Amino acid sequence: MGDYRQLWTDLGVDLEKHDKLCAVLPELYGDTYLTQENRPEGMNYFNFVVAEVHGLRIQELDEHRRKGGKVIGTFCVFVPDEVILAANAIGVGLCAGSQFWIEDGEKVLPRNMCPLIKAFMGAKVGGTCPYFQSCDMIIGETTCDGKKKAWEVLEDYVPVHVMDLPQMKRAKDYTAWSSEIKDVIAKVEELTGNKVTVDSLKEAIRTANAKRRALKRLYDLRKYKPSPISGLDCLLISQIAFYDDPHRFVEKLNELCDELDERVKNLKDQGKKRLMITGTPMALPNWKLHSIIEGLNAQVVVEETCTGTRYFENEVSEEGETIDDLIKNLADRYLNINCACFTPNTGRIDDIIKYSKEYDVDGVIDFNLSFCHTYAVEHKAVEKALKEKDIPVMHIETDYSTEDAGQIKTRVEAFLEMI
Ligand code: SF4
Ligand code: SF4
């Protein structure tokens, strides 16, 4: 990575602490990713993105801001990227997947909270994430209680706009969500000084749909037996989708998929067990569970998570002549995401059953970040539905620490033997 220390200093990054973070990541990445055999050539681009994670992309954000552009951070797949793009701002899905940030997060939040929330708070409080430092505004949402209240703390550090996400899916909830989208458009217009027009919003919808389509293409390739690409690599690609330039990302991902199209012609099934992971998101660099699974005789072939299918399934319709038409299209697509913060959330169960057939999985791991109550409660329903279909399932609740890695490995091993 080049020398970005001046840039980090200008952004108010705590250099000393940040050096410690930068020292951990390459080793973790090397051990987890670069030891994989027979990786596709197309992964070189994604290796490069990780190597430059706090460098080149941060410089791009900086150049955009120097020209008067704005950067907006988000934490959940319900925040419509299209609005940010249409106002010529850059959206970054802020990763909060490292144990490194937990200690600082616990300075301002209770310890018994989901690690994702503690990590994002820690990244900001400790000033160790150059992405966070580059954000002119954060768009939060009222999904779970932890995040809803965390925005109040975060507001001391950075401007936050909160979208009020309905937690049911009745007609009036779609209307309410449309009105939230209208409000966020006004807020983003105010921040950027740019009007969101029918044309710019349509263009943004096309860009976001192209990203969804490329990710779907990658996931469809994983349906081959064996999958031509590891679950680890696919997880990384999904994680990078949240902050890379969308046009470049689509181009590079499609190049990789072209290569995989060739690969699948010569596949030989080696009898590896095929697993689905469902549950809570895995933010960069949370590769813990995939790494354990794929270190054994198994392959993760699909993630029904927000760093998986929930991020790209269902496109936004590009039809419509007015802003209100397009807002309705956005509301329809986004409110259809099946997150456990909804009640009821039977759509998620249907998705899990559908994907388990489509990807021909041998078993499902329901992955739960510790203290995420909505997903933990929903496990019973997931288990019941899968058992009815004779699909083995196990529940793993964990955080970002490595302390329980041995125990999880033993449990996954036993699960693989059983299926
Ligand atoms: S699990 Fe729910 S709250 Fe969390 S990122 Fe996904 S949609 Fe948002
Ligand atoms: S994983 Fe659960 S508790 Fe954590 S932020 Fe997402 S919905 Fe909230």
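A brief structural summary. (Residues numbered from 1 in each chain as written. Chains lettered and ligands numbered in written order. Predicted model: local features only at pLDDT ≥ 70, side-chain atom pairs only at ≥ 80, totals over all residues. Heavy atoms only, no water.)

## Let's talk about the site of ligand 1
Residues in close proximity to ligand 1 include Cys76, Val77, Phe78, Thr143, Lys147, Pro281, Cys306, Arg310, Cys339 and Tyr375, which together make up its full environment. Taken together, the residues of the shell around ligand 1 sort by class into seven nonpolar, one polar and two charged. (Near = heavy atom within 4 Å. Nonpolar A, V, L, I, M, F, W, Y, C, P; charged D, E, K, R; others polar.)

## Some remarks on the site of ligand 2
Ligand 2 sits among Cys114, Ile117, Cys144, Lys147, Thr280 and Cys372. Here the residues of the shell around ligand 2 sort into four nonpolar, one polar and one charged.

## Topic: the packing of helix α3 (residues 43-51) against helix α12 (residues 231-241)
Axis separation between α3 and α12 bottoms out at 11 Å; the angle between their running directions is 55°. Between α3 and α12, the angle falls in the class oblique. The two elements α3 and α12 cross, and the hand of that crossing is left-handed. Where α3 approaches α12, its residues Met43, Phe46, Val49 and Val50 are matched on the opposing element by Asp233, Leu236, Ile237 and Ile240. (Axes fitted to C-alpha atoms, helices over the stretch in contact; angles between N-to-C directions. Helix = DSSP H or I, 4+ residues; strand = E, 2+ residues; numbered from the N terminus. Parallel < 35°, antiparallel > 145°, perpendicular 65-115°, else oblique. Left-handed = near helix turned anticlockwise from the far one by under 90°. Contact = heavy atoms within 4.5 Å.)

## Examining the sheet that holds strand β2 (residues 90-93)
Reading across from one edge, β2-β1-β3-β4 is the order of the four strands in this open sheet, with parallel pairing throughout. A single partner strand is all that each edge strand has here, and the edge strands are β2 and β4 (160-163). Strand-to-strand, the axes of this sheet are offset by a mean angle of 25°, without reference to chain direction. Looking at chain direction, strand β1 (residues 71-74) and β2 are connected through four bridges and run parallel. Its bridge partner being in β2, Val71 is matched across the sheet by Ile90. Sheet strands in contact with helix α9 (residues 145-154) are β3 (137-141) and β4, and its direction is about 155° off that of β3. Contacting β1, β3 and β4, helix α10 (residues 171-192) crosses the sheet at an angle of about 165° to β4. (Pairing = 2+ DSSP bridges.)

## Examining the packing of helix α17 (residues 346-358) against helix α18 (residues 373-388)
Across the interface, α17 lies against α18 with an axial gap of 10 Å and an inter-helix angle of 45°. The angle between α17 and α18 places the two elements in the oblique class. The chirality of how α17 crosses α18 is right-handed. Residues Arg348, Ile349, Ile352 and Ile353 of α17 pack against Tyr375, Glu378, Ala381, Val382, Ala385 and Leu386 of α18. Its residues assigned to classes, the contact of α17 with α18 shows eight nonpolar, no polar and two charged.

## Observations concerning the environment of Leu85
By the element assignment, Leu85 lies in helix α5 (residues 81-86). Taking the relative accessible area as the measure of exposure, Leu85 reaches 28% and is therefore partly exposed. For the pair formed by Leu85 and Gly406, sequence separation is 321 residues and the distance between their alpha carbons is 43 Å. When near neighbours in sequence (up to four residues on either side) are disregarded, Leu85 contacts Ala204, Thr207 and Pro246. (Buried < 20%, exposed > 50% of the residue type's maximum accessible area, 1.4 Å probe, protein only.)

## What about the pattern of salt bridges?
Two side chains of opposite charge can pair, provided their charged atoms sit close to one another. Here the structure, examined in full by the defined rule, presents 38 salt bridges. One salt bridge connects Lys195 with Glu189, and the closest N-O pair in it is separated by 3.5 Å. For Lys195, a relative accessible area of 60% translates into the label exposed. Judged by its relative accessible area of 17%, Glu189 falls in the buried class. With a closest N to O distance of 2.7 Å, Asp404 and Lys288 form a salt bridge. Taken as a pair, Asp404 in the loop between β8 (393-398) and α19 (405-418) and Lys288 in helix α14 (residues 288-294) lie far apart in primary sequence, 116 residues in all. Take Asp404 and Lys288: they sit in the same class, and that class is buried. Salt bridges linked by common partners bring Glu304, Arg310, Arg348, Asp366 and Glu378 together as one network. (Salt bridge = Lys/Arg side-chain N within 4 Å of Asp/Glu carboxyl O.)

## Here's the deal with α19
In this model, α19 (14 residues) spans 20 Å end to end at C-alpha, consistent with the 20 Å of a helix rising 1.5 Å per residue. Those residues of α19 that sit buried are Ile408, Val412, Phe415 and Leu416. For α19, the angular spread of buried residues about the axis comes to 95°, placing them on one side. Turned more than 90 degrees from where α19 packs its buried face, Gln407, Glu417 and Met418 sit exposed. (Expected span 1.5 Å × (residues − 1). Arc of directions from axis to C-beta.)

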